[in-house]
Amino acid sequence: MKKLVDECIALDHVLRDLARRVHGEGTYSSGRRAVLLELSERGPDTVPRMAKRRPVSRQYMQMLADGLVNDGLARYVANPRHKRSPLLEITAAGRRHLARMLRRESRVLARLEFDSISEARLKTASSTVAAMRGIFEKAGIQ
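Now for a look at the structure at hand. (Residues numbered from 1 in each chain as written. Predicted model: local features only at pLDDT ≥ 70, side-chain atom pairs only at ≥ 80, totals over all residues. Heavy atoms only, no water.)

1. Looking at the environment of R49
We count it as follows: By definition, any uninterrupted DSSP run of H or I lasting at least four residues is a helix, any uninterrupted run of E lasting at least two residues is a strand, and each is numbered from the N terminus.
Assignment of secondary structure puts R49 in helix α3 (residues 47-52). Separated by 38 residues in the primary sequence, R49 and L87 place their C-alpha atoms 9.9 Å from one another.

Dropping the structure here:
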């Protein structure tokens, strides 16, 4: 178990560095990418709920959300379930921006040689890491 955790941490460092190289800082940061991707896949949500699903503070998530809104990539809309906590939703410009980010990532990943790892091994690794993440989240460790 410890070896797998150590490898996941080491891979996290590599992926964070790659994200900085591919997306830069600011407008293309990995945090903003993650929020846009979540909004695109899950639909509108509140800042507090989004922060709760990550190892970040509500204040940090609010800063990311406000930046996306200021740049026209997301917008706040009324939340029928809570008057004081609006929903954040991705805009059409945000979807186009996210698509460009994902294309940049795809170009980088296509240059890497993953042929030595079978599709079955990649699926097993993915499901194992997802299961581990679920265990940490269930224990309140995010």
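Now that the structure has been shown, the text picks up again.
2. Side note on helix α1 (residues 2-23)
Our working rule: Given a helix with a known number of residues, its expected span is that number minus one, times 1.5 Å. In what follows, residue pairs with any heavy atoms lying within 4.5 Å of each other are defined as contacts.
With 22 residues, α1 should reach 32 Å at 1.5 Å per residue; the first-to-last C-alpha distance of 31 Å fits that figure. Among the structural elements, α2 (30-42) and α5 (92-111) are those in contact with the buried residues of α1. Backbone geometry just after α1 places G24 at a positive phi near 70°.

3. Some details on α2
One full turn of an α-helix is made of 3.6 residues, so residues set three or four places apart face in the same direction. Applicable threshold: Burial status follows relative accessibility: with a 1.4 Å probe on protein chains alone, a residue under 20% of its type maximum counts as buried, one over 50% as exposed, and anything between as partly exposed.
Between its first and last C-alpha, α2 extends 18 Å over 13 residues, near the 18 Å set by a 1.5 Å rise per residue. Among the residues of α2, G31, R32, R33, V35, L36, L37, E38 and L39 are the ones counted as buried.

4. Observations concerning the pattern of salt bridges
Rules: Criterion for a salt bridge: a side-chain nitrogen of Lys or Arg within 4 Å of a carboxyl oxygen of Asp or Glu.
Tallying each qualifying case throughout the model produces 12 salt bridges. Here R49 and D45 are joined by a salt bridge, their closest N and O atoms 2.5 Å apart. By relative accessible area, which is 41% here, R49 ends up partly exposed. Among the ionic pairs, D45 bridges to R53, the shortest N-O distance being 2.6 Å. Note on R53: relative accessible area 30%, which makes it partly exposed.

5. Digging into a positive patch on the surface
Here is the rule: Patch building starts from residues that exceed 30% relative accessible area and form no salt bridge, then joins like charges within 9 Å and nonpolar side chains (Val, Leu, Ile, Met, Phe, Trp, Tyr) within 5 Å. Calculation of accessible area relied on Shrake-Rupley with a 1.4 Å probe; when residues are assessed, cover is drawn exclusively from the protein chains displayed. Lys and Arg are tallied as positive, Asp and Glu as negative. Neither His nor the chain termini are counted. The atoms used to mark charge sites are NZ of Lys, CZ of Arg, CG of Asp and CD of Glu.
A surface patch of like charges, here positive, comprises R96, R100, R103, R107 and R111. By secondary structure assignment, the location of R96 is in helix α5.

6. Some thoughts on the nonpolar core
In a soluble, globular protein the nonpolar side chains are often hidden away together inside. To keep things clear, this is the line we draw: Here, the term nonpolar core denotes a set of buried Ala, Val, Leu, Ile, Met, Phe, Trp, Tyr and Cys residues that are joined through side-chain atoms within 4.5 Å.
The biggest cluster of nonpolar side chains holds 16 residues, and the ones touching the most others in it are V35, L36, L39, M50, M61, L68 and L88. With residues near it in sequence (within four places) discarded, M50 still touches V35, E38, L39, D45, M61 and L88.

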